[in-house]
Each structure stands twice: as C-alpha cells, then as structure tokens.
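Chains, contacts and geometry: an overview
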Amino acid sequence: MSLRLGDQAPNFSASTTEGDIDFHTWKADSWAVLFSHPADYTPVCTTELGRTAALKSGFADRGAKVIALSVDPLEDHHGWAPDIAEATGTAVNFPIIADPDKTVSELYDMIHPGEGDTSTVRSVFVIDPANKIRLILIYPKSTGRNFDEILRVIDSLQLTDNHQVATPVDWTKGDRVIASPAMSTDDVMDRFDNVEVVKPYLRYVDDPAG
Ligand code: BEZ
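Now for a quick tour of the structure. Predicted, not measured: the structure shown is a model, and the values here were computed from it.

Considerations on the environment of T46
- Along the chain, T46 turns up in helix α2 (residues 43-54).
- By relative accessible area, T46 is classed as buried at 11%.
- C-alpha of T46 to C-alpha of I21: the two residues are 25 residues apart in sequence and 24 Å apart in space.
- Beyond its immediate stretch of four places on either side in the chain, T46 contacts W80, D83, I84, A87 and T88.

Here we look at the sheet that holds strand β11 (residues 202-205)
- The four strands lie next to each other as β8-β9-β11-β10, forming an open sheet whose pairing is antiparallel. Only two strands of the sheet have a single partner each, and these edge strands are β8 (165-166) and β10 (196-199).
- Relative to strand β9 (residues 177-179), β8 runs antiparallel, the two being bridged by two bridges. Of the residues in β9, the one forming a bridge with A166 is I178.

Topic: the pairing of β11
- Every second residue of β11 is oriented toward a common face, the buried set being R203 and V205 and the non-buried set L202 and Y204.
- Pairing of β9 with β11 involves two bridges; the strand directions are antiparallel. Following the sheet pairing, I178 is matched in β11 by Y204.
- With three bridges connecting them, β10 and β11 associate as antiparallel partners. For V197, the partnering residue across the bridge sits in β11 and is R203.
- Once β10 ends, the chain turns through two residues before running back antiparallel as β11.

Conventions adopted
- Residues numbered from 1 in each chain as written.
- Predicted model: local features only at pLDDT ≥ 70, side-chain atom pairs only at ≥ 80, totals over all residues.
- Heavy atoms only, no water.
- Helix = DSSP H or I, 4+ residues; strand = E, 2+ residues; numbered from the N terminus.
- Buried < 20%, exposed > 50% of the residue type's maximum accessible area, 1.4 Å probe, protein only.
- Contact = heavy atoms within 4.5 Å.
- Pairing = 2+ DSSP bridges.

Have a look at this one:
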C-alpha cells in the first residue's frame, strides 16, 4: 500500500518487545514516530536504535512516542537489545515491533524489492495526534538516519500547525521563521515581530512561539 502525506496512518496489531499492541490504541492522541530498520544484529541499525534511545527525552518533550520495526522475530529483538546498550551506551527504551510475516511492513510499504532482499528499508513515518501521516522519509539500508532531523521536523510541524508560518532551510527551533505567503505584507507587519521583507513573498519574522 502506498501511503502519502495527509493519509490516515493505517492501524495494525503487532507483537513488540513491550507486549502486543493495537497501534492506534498504543499511540492514543500522541505524536508517533514509526520507523523500520533492515535487520537485527547489524551495525548501522545498532547505532540508530541506540541514538533513538538517547533522544527519548527529546521525543517526550514533543509529546511523541517512538516505535521501531523489523521483520526479525521477537526473540532476536530481545537477544540484540543488550548489544545495543553495550555498543552505544543507551539501553533501548521504546518498543520494537516483530514483523516476521511482514504484515506491517507491507501495510506501510517498507519493503523495496529493488534494494536487495525482503527486509525493510529505513522508513520513517511521523504521525500526528489525529493519526494523520505528516512526514515520510525513506533511506537506503547502507545509510544511517539523522534522528535530530526527525525532532527538527516535529518542531516545525508543531509550530506551523499553530501559527501562520513556515520554516526555512536548515531551521531549528528558536530561529526566525517565514510568514505564510497567503498573508499580505500589511498583515504580516501587524501580526509578527521584527519583520524583514526580503521579497514580497519572503518575509522573515520572529518565531511567534519564542
Ligand atoms: C546495517 O544496519 O549495518 C545494515 C543493514 C542492512 C544492510 C546494510 C547495513
């Protein structure tokens, strides 16, 4: 199934390292990051899961729950977890879905046969409190992801959901933002602080949440 931004995140039942879940019930009204990795006991995946565990408070601060997935069985997830703690210094502190029958992987189109085998590629779905898909990233198996980028996008989504702004290239929380192109420059001047009009369509303003 091919999913697009704005689609409802499909629900599923799954076995995880923290017990069986119904995804929507587990997620409830939080933000969620659902991400796949190719295989347990592999080097890049070990670094990714350790880094995600280290960022737990960053996800929690944003009201986001994290859940990983691979097609490996639960026993492998449990057997691998101590290696992640030893190798990265952080124990896994989020559930890992075991998807050996590929139900969830296929539902979220995480298996790309051209990428070598029938394991999952490195997919990331950021899902909002209303279960709408807000970000999809797909990375090749050989490239570890930047999980700070996922936090950065959640920051942008949470800001732009609540204010008539967009975030420019390389923006991070606290930086100046761009007023919505739908607003007239007079409105921008009235509603935001410290307006810089670079072009009629490019108006930098102070972060209204800052
Ligand atoms: C890894 O996690 O290191 C990895 C897994 C599958 C393919 C390539 C790298």
